[in-house]
Amino acid sequence: MTTTTKGTTVLATADVLAQESAGGSNIMFLIMIVGFIALMYFVMIRPQRKRQREQQDMQSNVQPGARVMTIGGLYGTVVDSDDETITIEASDDTFLVFARQAIAKVVTPAEADAEPEAAETVSDEEATLSDEDLEKLANGDEKTDGDKHSGNPDRKEY
């Protein structure tokens, strides 16, 4: 819309005002997008890269004698290593070869103490069945709760 007053032309349109305000919102939108990307970097990407770097450093610095846990949950002691593989002794005379990347963590002595210990031993008196219990089992009078095949005899349980 153009209006003329005393020889001067004044452009007072709503389109011009809308363009000026739209330019400001475009800049704010751009600033918000850049801020969101920076926030994502500092909250998600940077800590993940730091954890990856620490994991790679730990895997490359594992030395023989260290107690480790693999990504599969196997605990063992490193007995030999080279650039790509690590040999772990899982139990007496049981040696397993893993890729270095399969080492999840080096177990500290405090964590090794927290591992589950062997089951409690039961005395012979506690483990022995009485004559009455043996007769019941022999006659089939009583089925125990732990009997896997107490139902259908054709059913296989794995």
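Up top you'll find the structure we're talking about.
Heads up: these notes are all about the structure in this document. (Residues numbered from 1 in each chain as written. Predicted model: local features only at pLDDT ≥ 70, side-chain atom pairs only at ≥ 80, totals over all residues. Heavy atoms only, no water.)

Description of the overall build of the protein chain
Then, number 1: Within the protein chain one finds 4 helices and 7 strands.
Then, number 2: Of all 158 residues assigned to the protein chain, the portion counted as buried reaches 11%.
Then, number 3: In the protein chain, the share of contacts with a sequence separation of at least 24, taken over all contacts with a separation of at least 6, comes to 31%.
Then, number 4: For the protein chain, the exposed area adds up to about 13,300 Å²; of that, 55% sits on carbon and sulfur atoms. (Helix = DSSP H or I, 4+ residues; strand = E, 2+ residues; numbered from the N terminus. Buried < 20%, exposed > 50% of the residue type's maximum accessible area, 1.4 Å probe, protein only. Contact = heavy atoms within 4.5 Å. Areas by Shrake-Rupley, 256 points an atom, 1.4 Å probe, with all protein chains shown as cover.)

Observations concerning the nonpolar core
Then, number 1: In this structure, Met58, Val62, Ala66, Val68, Val78, Ile86, Ile88 and Ile103 together form the largest nonpolar core, which totals 8 residues.
Then, number 2: Residue contacts for alanine 66: discarding those within four places in its chain leaves Gly76, Thr77, Val78 and Val106. (Core = buried A, V, L, I, M, F, W, Y, C linked by side-chain atoms within 4.5 Å.)

Here's the deal with the sheet that holds strand E3 (residues 67-70)
Then, number 1: The 5 strands lie next to each other as E6-E5-E4-E3-E7, forming an open sheet whose pairing is antiparallel. Only two strands of the sheet have a single partner each, and these edge strands are strand E6 (94-99) and strand E7 (103-106). Direction aside, neighbouring strands of the sheet carry axes that sit 45° apart on average. (Pairing = 2+ DSSP bridges. Axes fitted to C-alpha atoms, helices over the stretch in contact; angles between N-to-C directions.)

Remarks on the environment of valine 97
Then, number 1: With respect to the helices and strands, valine 97 occurs in strand E6.
Then, number 2: In this structure valine 97 touches Thr85, Ile86 and Thr87, once residues within four positions along its chain are discounted.

Quick notes on the pairing of strand E4 (residues 75-81)
Then, number 1: Judged from the 3 bridges that link them, E3 and E4 form a sheet pairing that is antiparallel. Paired with methionine 69 across the two strands is tyrosine 75, which belongs to E4.
Then, number 2: Counting the residues between successive antiparallel strands, the hairpin from E3 to E4 contains 4 residues, one of them, glycine 73, with a positive phi of roughly 95°.
Then, number 3: Bridge analysis of E4 against strand E5 (residues 85-91) gives 4 bridges, and the strand direction is antiparallel. Following the sheet pairing, threonine 77 is matched in E5 by glutamate 89.
Then, number 4: Between E4 and E5, which pair antiparallel one after the other, the connecting turn spans 3 residues.

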